[in-house]
Amino acid sequence: MKEIHIRSLSGLLYILLLVFSLFNQHAVIILFFVFGLICMGEFKKLIQLQSIIPYFIFIVLYTVFAYWQLVLNTNNGLNEITQILMVLTIFVELFLIKDLFSGKTIPLFSSKRFLLTTFYLSSGFVFLVLIVNYYADYNPNILLGSFILVWVNDSFAYLVGKNFGKQKLFEIISPKKTVEGFMGGLFFSCIASYFIATFTETLTFTNWLILGIIISVFGTLGDLIESKFKRQANVKDSGVIMPGHGGLLDRLDSIIFAAPFIYLFLRILPYVS
């Protein structure tokens, strides 16, 4: 019982810190910067990378994209480099999905480790900031709604899987995940998308419904990929910073992996509306 209380308290503090910071542009930039550094440290241990170069790459990438519009007061050039980063990031993530399904291990030769720290982890945090700055005025509601969809998906995937799950989703990587749990998380994410659309007044219900599917699918893939990294490293959690939960990367793996696809959807949306 004590462990449950500790887990609940640390999870609540994490959610409160995240939610309240989202309503101040500078606070959320600083928070994700700190989160990014912590996750980078945890991820470097998982892939056994000793170099400090990934920290410098993260700092440069994150600072440029987070403060380009604020400092220069213009989007000139930002759209072009954002699209380049988005293509490279999605390309690397698609290869990670391939490695998830095709091999017993994810290849971690030297150059790939730097590609992963740059276009998997650093880019993930860059796109989280780009999502809140997507419109002309700072608007945290789309990112907040995305986090809510991640939490709904994870919670109901666990509850449905625990009570009704029989068919394993990816037993060799994550023995507790089930197909029924995945479908339950997806179903309730779709339901939650209606309420998010109603209360945030940002996107239409149809658009939030599509985002719910994107987040459930790619968030689950991100969780499985991080689980494969942990299995290769022979560890249960990515870290110990959150009592009862493990590492910060364990909590953010889904949204980090889904963020480029969320941003891609936002970019495509004006052309199909």
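Everything below is about the structure shown above.
Small disclaimer: the values here were computed from a predicted structure and weren't measured.

### Focus on the nonpolar core
- Ranked by size, the top nonpolar core spans 78 residues in total, and within it Phe32, Phe43, Leu121, Phe125, Phe229, Leu252 and Phe257 carry the most contacts.
- With 14 residues, the single largest contributor to this core is helix α9 (residues 248-272).

### Let's talk about the packing of aromatic side chains
- In the structure shown here, the tally under the stated rule is 23 aromatic pairs.
- With a centroid separation of 3.9 Å and 10° between ring planes, the pair formed by Phe218 and Phe261 is classed as stacked. Of this pair, Phe218 sits in helix α8 (residues 205-233) while Phe261 sits in helix α9; the two residues are 43 residues apart in sequence, bridging distant segments of the chain. As far as the burial class goes, Phe218 and Phe261 line up, both buried.
- Each member of the aromatic cluster is reached from another via a ring pair, and the members are Tyr14, Phe32, Phe33, Phe35, Phe58, Tyr62, Phe125, Phe147 and Trp151.

### Description of the side chain of Asp223
- Position of Asp223 among the secondary structure elements: in helix α8.
- Beyond its immediate chain neighbours, meaning those up to four positions away, Asp223 contacts Lys177, Asp253 and Ser254.

### Examining helix α6 (residues 141-164)
- With 24 residues, α6 ought to run about 34 Å at 1.5 Å a step, and its terminal C-alpha atoms sit 33 Å apart, in line with that.
- Those residues of α6 that sit buried are Ile142, Leu143, Leu144, Gly145, Ser146, Phe147, Leu149, Val150, Val152, Asn153, Val160 and Gly161.

### Some thoughts on the packing of helix α2 (residues 25-46) against α9
- Close contact between α2 and α9 brings their axes to 9 Å; oriented N to C, the two are set at 100°. Classified by the interaxial angle, the pair formed by α2 and α9 is roughly perpendicular. Judged by residue contacts, Phe35, Ile38, Cys39, Glu42, Phe43 and Leu46 of α2 engage Leu248, Leu249 and Leu252 from α9.
- Along the lines of polarity and charge, the residues of the contact of α2 with α9 split into eight nonpolar, no polar and one charged.

### A closer look at the environment of Ala197
- Along the chain, Ala197 falls in helix α7 (residues 179-200).
- Look at Ala197 and you get buried, because its relative accessible area is 11%.
- Spatially, the C-alpha atoms of Ala197 and Ile142 are 9.5 Å apart, while their sequence positions differ by 55 residues.
- The residues contacting Ala197, other than those within four sequence positions of it, are Leu203, Thr204, Phe205 and Trp208.

Cut-offs and rules
Residues numbered from 1 in each chain as written. Predicted model: local features only at pLDDT ≥ 70, side-chain atom pairs only at ≥ 80, totals over all residues. Heavy atoms only, no water. Core = buried A, V, L, I, M, F, W, Y, C linked by side-chain atoms within 4.5 Å. Buried < 20%, exposed > 50% of the residue type's maximum accessible area, 1.4 Å probe, protein only. Helix = DSSP H or I, 4+ residues; strand = E, 2+ residues; numbered from the N terminus. Phe/Tyr/Trp six-rings, centres within 6.5 Å; stacked < 30°, edge-to-face > 60°. Contact = heavy atoms within 4.5 Å. Expected span 1.5 Å × (residues − 1). Axes fitted to C-alpha atoms, helices over the stretch in contact; angles between N-to-C directions. Parallel < 35°, antiparallel > 145°, perpendicular 65-115°, else oblique. Nonpolar A, V, L, I, M, F, W, Y, C, P; charged D, E, K, R; others polar.

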